[in-house]
2 protein chains.
Amino acid sequence: MSTQPPRLSATELAAYFAFTEVSSLLRHAVEKQLKDVGQLSYVQFQLLARLGDAPGGSQRMTDLADGVVYSRSGLTYQAQSLEERGLVTRAPSPEDERSTIVAITAAGREVLAKVFPGHIEAVKSLLFESLTDADVEALARMMTQVSGHLRANPPRSAGRRKAPTSAPASPSASRASSARGSVTD
Amino acid sequence: MSTQPPRLSATELAAYFAFTEVSSLLRHAVEKQLKDVGQLSYVQFQLLARLGDAPGGSQRMTDLADGVVYSRSGLTYQAQSLEERGLVTRAPSPEDERSTIVAITAAGREVLAKVFPGHIEAVKSLLFESLTDADVEALARMMTQVSGHLRANPPRSAGRRKAPTSAPASPSASRASSARGSVTD
DNA sequence: TATTGTTATACTCTATAACTATA
DNA sequence: TATAGTTATAGAGTATAACAATA
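Just so we're clear, the structure is a prediction, and the values are computed from it rather than from any experiment.

About the cut-offs
Residues numbered from 1 in each chain as written. Chains lettered and ligands numbered in written order. Predicted model: local features only at pLDDT ≥ 70, side-chain atom pairs only at ≥ 80, totals over all residues. Heavy atoms only, no water. Least-squares fit on C-alpha atoms with pLDDT ≥ 70 in both. Contact = heavy atoms within 4.5 Å. Pairing = 2+ DSSP bridges. Helix = DSSP H or I, 4+ residues; strand = E, 2+ residues; numbered from the N terminus. Axes fitted to C-alpha atoms, helices over the stretch in contact; angles between N-to-C directions. Near = heavy atom within 4 Å. Polar contact = N/O pair within 3.5 Å; in protein donor to acceptor, adjacent residues only side chain to side chain.

1. Regarding the relation of the copies chain B and chain A
Part 1: Of the two same-sequence chains, chain B is brought onto chain A (RMSD 0.1 Å, axial shift 0.0 Å) by a rotation of 180 degrees. Such a combination of rotation and displacement between the chain copies is what one expects of a two-fold axis. It is S23 of chain B whose C-alpha, among those of chain B, lies nearest the rotation axis, at 3.2 Å.
Part 2: A high fraction, 98%, of the interface residues of chain B reappear at the interface in chain A, so the copies pair face to face through one surface.

2. Thoughts on the sheet that holds strand β3 (residues 100-104) of chain B
Residue and element names in this part refer to chain B.
Part 1: Strand order across the open sheet formed by three strands is β1-β3-β2, with antiparallel pairing between neighbours. Where the open sheet ends on each side, the last strands, each with one partner, are β1 (58-60) and β2 (88-92). Each adjacent strand pair in this sheet contributes to an overall mean axis angle of 25 degrees, direction not counted.

3. Overview of the protein's contact with DNA strand C
Part 1: Near DNA strand C you find 22 residues, and of these Y70 of chain A together with T62, T76, Q80 and R90 of chain B are the closest.
Part 2: Counting only atoms of DNA strand C within 4 Å of the protein, the sugar-phosphate share comes to 72%.
Part 3: Here a phosphate oxygen of DNA strand C sits 3.3 Å away from a polar atom, N or O, in the main chain of S71 of chain A.
Part 4: One of the backbone N or O atoms of T100 of chain B is found 3.0 Å from a phosphate oxygen in DNA strand C.
Part 5: Per element, the largest residue contribution to the surface near DNA strand C is four residues, and it comes from helix α4 (residues 72-84) of chain B.

4. Observations regarding the sheet that holds strand β2 (residues 88-92) of chain A
All names here are of chain A.
Part 1: As summarised here, the arrangement of the three strands in space is β1-β3-β2, forming an open sheet in which the pairing is antiparallel. The open sheet has two edge strands, β1 (58-60) and β2, and neither has a second partner. Strand-to-strand twist of the sheet, defined as the mean angle between neighbouring strand axes without regard to direction, takes the value 25 degrees.
Part 2: Where β1 meets strand β3 (residues 100-104), three bridges bridge the pair, whose relative direction is antiparallel. Within β3, the position partnered with R60 by the bridge is I101.

The following block contains the structure:
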């Protein structure tokens, strides 16, 4: 009824389906492992892992959120949950009293350590076991490439506005600032 | 503290992280598009798409579930939701009165058609745009391989039991039967 | 008894909007 | 006014267990 619908080649379709299936199964398995072994959701694991890597084991809420893709309130929710379990602490930043500094505790590191082996094993056996070294290298290159592309082109609506019917976007300013893939998007 | 922890090579790590990030961002973008354009969750889209491909546009609940990885109740929930919106119908099978046959409706196909272009475009621009044809082919091969591997080796606990501390599970029977990667696992 | 599916229920997660406080 | 974070709240999704009906 309008512009030619975009198409995927047979190879692209196959790649997309298989990619989707793999990531879905892998994610599912990993989530189960994290939950079974460490009572952690995937997001919580990511947060802990980030903190574990961060210098000083701590980060501001905003920086933590960056990349974990959730809403601010979602991060607060998870951080609270982790704090209640004693895996992280939260304290106002001395430098900027508006900020909250989240820091991983020893207990947090323990959980991380407890969970890691199984996590890695799962990834190894599920994702890498059936790939050659060359494949893994190619995969790393491709995914890094795509990932960079995604970071550079923050997916907007990802399916452009429906029929706008009205003005083709007079920039109401405000939005723009979101610059680097902030929390929500 | 026990057996040598498994390790990932630097390349594997990079591949895993990038893979994870890509699949996460892609999934997020696709979910947004499906929701914006067709008020569909990803699962609902998958169900509709399956039905759309199925001969006669219909399938048994059990067969539908197979591969979508959710619990039976979860499928019932989604099927109900789709039925309420008139996108599918549900009726007992004539052959086996225990079974429920789910069939996509014309309205269901319309939604599918409405959602498809944006979906494909998103996949194209987010996943494939930065890859060469050769890359796509390699990706398809790898993912198909891994996917086959995963289907062959249904991820069990994916992270062996913790220290049981108590009774190591006296099998209350019942459970075992789940045989072929059924719904739940 | 085993299988198919639904219901009841509880819980986790996410998102929006309103709000507080600092800058 | 803009930024950082929290709270209140509502809604979607998932899982478990109990259940009903058919095979």
